[in-house]
Every structure is written in C-alpha cells, then in structure tokens.
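The residues making up each chain are set out below.
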Amino acid sequence: MAAAASLSANQGLLGTSFYGAWGNSISGDDYHTMLAKTAPPKQAKVSRKPIRVQPMMKNVNEGKGLFAPLVVVTRNVVGKKRFNQLRGKAIALHSQVITEFCKSIGADAKQRQGLIRLAKKNGERLGFLA
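If you're wondering where the values come from, they're calculated on a predicted model, not measured in any experiment. (Residues numbered from 1 in each chain as written. Predicted model: local features only at pLDDT ≥ 70, side-chain atom pairs only at ≥ 80, totals over all residues. Heavy atoms only, no water.)

## With respect to the overall build of the protein
Filter applied, for reference: A run of H or I in DSSP counts as a helix once it spans at least four residues, and a run of E counts as a strand once it spans at least two, with each numbered from the N terminus. Remark: exposure states derive from per-residue accessible area (1.4 Å probe, protein chains only) relative to the maximum for the residue type, with buried under 20%, exposed over 50%, and partly exposed in between. Note on contacts: a residue pair is in contact if any heavy atoms of the two residues lie within 4.5 Å. To be clear on the numbers: accessible area is Shrake-Rupley with a 1.4 Å probe, and residue cover counts the displayed protein chains and nothing else.
Of the regular secondary structure elements, the protein holds six helices and zero strands. Taken over 130 residues, the protein has a buried fraction of 10%. Sequence-distant contacts, at least 24 apart, represent 52% of the contacts inside the protein between residues at least 6 apart. Summed over its atoms, the accessible surface of the protein is roughly 11,600 Å², and 62% of this surface lies on carbon and sulfur atoms.

## Observations concerning the packing of helix α4 (residues 68–78) against helix α5 (residues 80–105)
Operational definition: In this description, a line fitted to the C-alpha atoms serves as the axis of each element, helices being fitted only across the stretch in contact, and the angle between N-to-C directions of two axes falls anywhere from 0 to 180 degrees. Each angle is binned into one of four classes, with values under 35 degrees roughly parallel, values over 145 roughly antiparallel, values of 65 to 115 roughly perpendicular, and all other values oblique. Crossings are sorted by hand: turned counterclockwise from the far helix by less than a right angle, the near helix makes the crossing left-handed, and turned clockwise it makes it right-handed. Classes in brief: Ala, Val, Leu, Ile, Met, Phe, Trp, Tyr, Cys and Pro nonpolar; Asp, Glu, Lys and Arg charged; the others, Gly included, polar.
With their axes 6 Å apart at the nearest point, α4 and α5 run at an angle of 125 degrees to one another. In terms of their interaxial angle, α4 and α5 are classed as oblique. Crossing angle aside, the handedness with which α4 passes α5 is right-handed. Facing α4, whose interface residues are V71, T74, R75 and V78, α5 presents K80, R82, F83, L86 and R87. Its residues assigned to classes, the contact of α4 with α5 comprises four nonpolar, one polar and four charged.

## Section: the packing of α5 against helix α6 (residues 109–126)
Describing two packed helices takes the angle between their axes plus the distance from one axis to the other. Two numbers describe how α5 lies on α6: the axes approach to 10 Å, and their chain directions differ by 145 degrees. Regarding α5 and α6, the two cross each other, and that crossing is right-handed. Contacts between α5 and α6 involve H94, S95, I98, T99, F101 and C102 from the first element and R112, L115, I116 and A119 from the second.

## Quick word on the confidence of the model for the protein
Applied cut-off: Predictor confidence is given residue by residue as pLDDT, running from a minimum of 0 to a maximum of 100.
Mean pLDDT over the protein stands at 75; residues scoring 70 or higher make up 54%. Residue range residues 5–12 is modelled with pLDDT below 50. Its contacts to residues more than four positions away, or to other chains, number four contacts.

## Re the pattern of salt bridges
The test is simple: Salt bridge, as used here: a side-chain nitrogen of Lys or Arg that lies within 4 Å of a carboxyl oxygen of Asp or Glu.
Applying the stated criterion across every chain yields a total of one salt bridge. The closest approach of N and O atoms between E100 and K103, which form a salt bridge, is 3.9 Å. Here E100 pairs with K103, and both are found in helix α5, just three residues apart, close to one helical turn. Of the residues examined, E100 reaches a relative accessible area of 48% and is grouped as partly exposed.

## Details of α5
So the rule is basically this: A helix's residues, less one, multiplied by 1.5 Å, set its expected span.
Taking 1.5 Å as the rise per residue, α5 with 26 residues should run 38 Å; its terminal C-alpha atoms sit 37 Å apart, in good agreement. Those residues of α5 that fall on the buried side of the exposure criterion are F83, I98 and C102. Residues of α5 that are buried make contact with α4 and α6. Downstream of α5 by a residue or two, G106 has a phi angle that is positive, lying close to 80 degrees.

## Comments concerning the environment of L70
If you trace the backbone, L70 turns up in helix α4. Its relative accessible area of 56% is what places L70 among the exposed residues. Placed 60 residues apart in sequence, L70 and A130 show a C-alpha to C-alpha distance of 9.4 Å.

## Some details on the environment of P69
In this structure, P69 sits in helix α4. For the pair P69 and A130, spaced 61 residues apart in sequence, the C-alpha separation works out to 8.3 Å.

## Examining α6
The end-to-end C-alpha separation of α6 is 26 Å, in line with the 26 Å expected for 18 residues at 1.5 Å each. Downstream of α6 by one or two residues, G127 has phi in the positive range, about 100 degrees.

This is the structure:
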C-alpha cells in the first residue's frame, strides 16, 4: 500500500503521474470543458399508457348445434356486416313476439326477461348464434 501511494505521489520515468498522461489531460478544467461541450444523452420516449390487449369476443358455441353449419355458410355468403344486420333484426323481431306473447297471457316484465334469456340459450344450443 505504501508503494502505491509513493508511486502516485512521485513522477514516473516519463514525467507523468501514476495514472499516466490520460490522468493529467482530463483532470480539472479540461474535464469540465469536455462535459459542457457534449450533448446530453438522448432518452427514448416511453409512453406512460399501458398497452391493453383487446378482448376477443367469440362465441363459445362456434360450430356447435344443429343449425351452426347453415349459419356459418350463410355468414360467409352474405358477408359478416350484412349477416350481423340480419341477425340483429331477427333477434329484435323475436323479442317483440315474446313481448306480445307475454302481454297476451299477462306475464310481468321479469317473466318476459326470463323468456328472452331462455330464447337466447336455446338459440345458442341450436347453433343460431354460431
């Protein structure tokens, strides 16, 4: 340890300190001047917004049920957009028929809602919602 301290305090053979020429050239004012001239490091911009994966809405009964093949073929022939429009109209019409039926027998809104849910479950099971 004493040898290292004496070497750093004394000049070496070439007249430089223990750390060599680099130790002298970037020390003191030269070091601060060099730092002032360099541009600050560029940082990548990171979005703070978390990336969310869009949930895929897919029917669990895809391809199941008696009418599923017919529904799939019809959707492929007509096109997805038009098919969904027709399906929406058919569901709305069926809901109106159920509502009229409930009015005629005197069923309340809760029973009507239960019948509409039952129709949806039956439609899934038969493959109409494939």
